[in-house]
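# A look at the structure
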Amino acid sequence: MQPRSEMVHWFFATGFLLLGLILLSQAIVGEAVWARRRWRVYLWPSIAFALGLLMWPVMTFFTNSAIHMLAHGAWAQALMVAGAAELGLVHGKLHNRLWRLATPVGIFVSGVAFLVHEQNAWLFARSAFLHHLIGWTLVCGSLVPLGLVLRPRSTLFQSAFALLFVALAVMLYCDRDLAPVFGHLSPLAGPPHR
Amino acid sequence: MKRLVALAVVVVLALPAAASAHATLKSVYPAFTADLRQSPKVVRLQFDQAVQLPSVEVLDTHGLDHALPARTVGTRVVAGVRTLPTGDYTIRWHVLSADGHVVSGVWTFGVRMKALPPTEAFGATGPTRTEHVVRWLYFVALALVIGSLGFRLVCLRGLALPRRVEKRLYALATTGVVGVLELGILAFCLRCEDVLQLPFGRFLYGDLSPISQGTRFGRAFIVMTLAFALVAALVYLAWLTDRPALLVPALLLAVGFAAGLSLSGHDAVDPGSSRWSELADWVHLVAASLWIGGLVSLVVAVWLVEPSLGRTAFVRFSRLATMLIALVLAAGVYLSLVRLPHLRDLWTTGYGETLLVKVSLVALALAWGAVHHFLVRPRLPAAGAGFLTRVGRSLIGESAVAIGVLLLAAILTDSKPPPQPTSSSNRVAYAGALGSSSWRK
């Protein structure tokens, strides 16, 4: 009944790619043009919130280790909280600018969860390498939305924020050791797992 | 230098990976909670990658190990088994993963009888004090989410609510639903840790699938976690869009999926349980949650914030509470009759003694509620500020007693009721209620 692990990764990679492309579009056209249609400003926070909600089934159904379950729970909550805070801000329900910290904190927590749940060294395997890379990308990348809190109109920060999600999507697409979409890498890799 | 780093990254990404983190169990023989007609000759564990230094124990209910030394055959671990007499058996296994981590797990099977669930595997010590506290907090959180939503939709229906009252009600519901999610995860991990009997470091790599997918407790955890994640989303969207109508499905989901506790507790699996006992347990749980959570909401969100609105809310809640208490008492008395086969069990067993303390506290809360209903309510229309302040304090006191009742309910839920008169047919019926053995067949 369970979908294969790599399919779940690709699903979330697609979600993050969509998120990144939307943010990139916003950075390119500028906030004024982007906000001409009101629904657009809700787009990326809604997707983040929905991705968080969809992470719960992954957390509960893939329980082949406790650390795996806890890490997915952390990502589910980080995504939901970040999306909810941004939605509250754009909708005018939240006014305190400190709520903007929810996104950098969420990204930081997600990065830490990646690093904690991957117990192998960087060069143990490709997935280990990518888990470390994703973890550190998110930990360091959490500075970008933090920069956006201080300079919300900075095109540089907006673009970097968008590219953070695009990079995350690419890494998630590559995260499985066997990814048929990239071709069968090696017979030594064994059957698909994790 | 930069080119070298870039080249190294490309090479690492391009290299084939022979293994990826710790090994994952793919299938087992005997199947999880299998009921075998004859003793198995071997125990087999199939992993997704090669493992080393396997250890497999086949323990009977006395802790005697019937397994022969285990060996690895590729990605498979095989251990011979001595001829097993009729009974329940627990398999505990440990292997060294290719990444150097020890991966562990446990499952159960029966020979010529239904197996016990892994939560009752040999070596599991049962709920600890920490689990009692976590379950108590879980009940408080459940009462907060169900009670605040019910109070908002029933007792405050049609009233123009000041912003501060709305804000507090949403805060209570959010606290409740987040608590249910977080404490549910914590309770599940604590139970799994007890079943696996591993120190924390190794527990992190323990396989929880047999418990999450093969027991009523685990399935209740999955279903309730998913349902309450949805409840959280609905409560949030109701607040964001100012549409209290979204709280209706949130309440229905919370009330409906609270049944997960009833379907995985004593009243679903113990001897004497039936559909009626499951239903009674659910009614007991939901009515108590609505009563206690509603009471807390009345105090925290209305009485302390908007005393003028408090009078109307008090009168409406008083009516609702009467019905809820009737349901709590009716279901509670029925469940006591089911769980305690003899009256003397009340003072001769630990379960009965805890139940007596709980009943005493419930009686205190009821007496307190009766004072509010019969003495305070008629005087409210003409009451002055001083009287209202005293009523507020009194409501806080009643809420504290009610939350104390939840602590005893948590201890009772984790305790074993006195044994029913046993027979072989009961034993089979009991085991049959514990869950299917479809896991990874």
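Not measured: the values here are computed from a predicted model.

## Some points on the overall build of chain A
If you tally the helices and strands in chain A, you get 8 helices and 0 strands. The 194 residues of chain A split such that 49% are buried. In chain A, 64% of the contacts between residues at least 6 apart in sequence involve partners at least 24 apart.

## Structural notes on the environment of A115 of chain B
Residues and elements named next belong to chain B. Assignment of secondary structure puts A115 in the loop between strand 8 (102-111) and helix 2 (129-155). C-beta crowding within 10 Å serves as the criterion here: with 28 such atoms nearby, A115 is assigned to the buried category. Residues A115 and H284, 169 residues apart in the sequence, show an inter-C-alpha distance of 30 Å.

## Considering the pairing of strand 3 (residues 42-47) of chain B
All names here are of chain B. On strand 3, burial follows the alternation: V43, L45 and F47 on one face are buried, whereas V42, R44 and Q46 on the facing-out side are not. Here strand 1 (residues 25-29) pairs with strand 3 via 4 bridges, running antiparallel. Within strand 3, the position partnered with L25 by the bridge is F47. The pairing of strand 3 with strand 6 (residues 76-81) spans 5 bridges and is classified as antiparallel. From the neighbouring strand, Q46 faces strand 6, where its bridge partner is R76.

## Comments concerning the environment of G176 of chain B
Residues and elements named next belong to chain B. By the secondary structure assignment, G176 is in helix 3 (residues 163-196). Accessibility expressed as a C-beta count within 10 Å gives 29 for G176, which makes it buried. When the C-alpha atoms of G176 and L144 are compared, they prove to be 4.9 Å apart, with 32 residues separating the residues in sequence.

## Focus on the pairing of strand 5 (residues 67-73) of chain B
Residues and elements named next belong to chain B. In this structure, strand 5 lies alongside strand 6, joined through 5 bridges in antiparallel fashion. In the sheet register, A67 faces strand 6, and the bridge partner there is V81. Following strand 5, the chain reverses through 2 residues before pairing antiparallel with strand 6; G74 in that reversal takes a positive phi of roughly 65°.

## Observations concerning the nonpolar core
All names here are of chain B. Ranked by size, the top nonpolar core spans 178 residues in total, and within it V145, V235 and L298 carry the most contacts. Top element by residues in this core is helix 10 (residues 275-303). It accounts for 17 residues. Lining this core are residues from two domains, each supplying at least three of them: domain 1 (20-115) and domain 2 (129-432). Aside from chain neighbours lying at most four places away, what touches V145 is A173, G176, V177, V180, V231 and A254.

## As for the sheet that holds strand 6 of chain B
Residues and elements named next belong to chain B. Reading across the sheet, the 4 strands line up as 1-3-6-5 and stay open at both edges, with antiparallel pairing between neighbours. Bordering the open sheet on either side are strand 1 and strand 5, each of which pairs with just one other strand. Here the strands of the sheet are splayed against their neighbours by 15° on average, with no regard to which way each runs.

## Digging into the packing of helix 3 (residues 38-61) of chain A against helix 4 (residues 66-91) of chain A
Residue and element names in this part refer to chain A. The geometry of helix 3 relative to helix 4 is characterised by a closest axis approach of 7 Å and an angle of 155° between their N-to-C directions. In terms of orientation, helix 3 and helix 4 fall into the roughly antiparallel class. Pair helix 3 / helix 4 crosses with left-handed handedness. Partitioned by chemical class, the residues of the contact of helix 3 with helix 4 number 20 nonpolar, 5 polar and 1 charged.

## A few points about the packing of helix 10 of chain B against helix 11 (residues 307-339) of chain B
All names here are of chain B. It is the contact of helix 10 with helix 11, at a shortest axis distance of 8 Å, that shows an interaxial angle of 155°. When the interaxial angle is binned, helix 10 and helix 11 end up roughly antiparallel. Note on packing geometry: the crossing formed by helix 10 with helix 11 is left-handed. Here the residues of the contact of helix 10 with helix 11 sort into 24 nonpolar, 5 polar and 1 charged.

About the thresholds
Residues numbered from 1 in each chain as written. Chains lettered and ligands numbered in written order. Predicted model: local features only at pLDDT ≥ 70, side-chain atom pairs only at ≥ 80, totals over all residues. Helix = DSSP H or I, 4+ residues; strand = E, 2+ residues; numbered from the N terminus. Buried ≥ 20, exposed ≤ 12 C-beta atoms within 10 Å, placed from the backbone. Contact = placed C-beta atoms within 7 Å. Pairing = 2+ DSSP bridges. Core = buried A, V, L, I, M, F, W, Y, C linked by C-beta atoms within 7 Å. Domains from an automatic or database assignment. Axes fitted to C-alpha atoms, helices over the stretch in contact; angles between N-to-C directions. Parallel < 35°, antiparallel > 145°, perpendicular 65-115°, else oblique. Left-handed = near helix turned anticlockwise from the far one by under 90°. Nonpolar A, V, L, I, M, F, W, Y, C, P; charged D, E, K, R; others polar.

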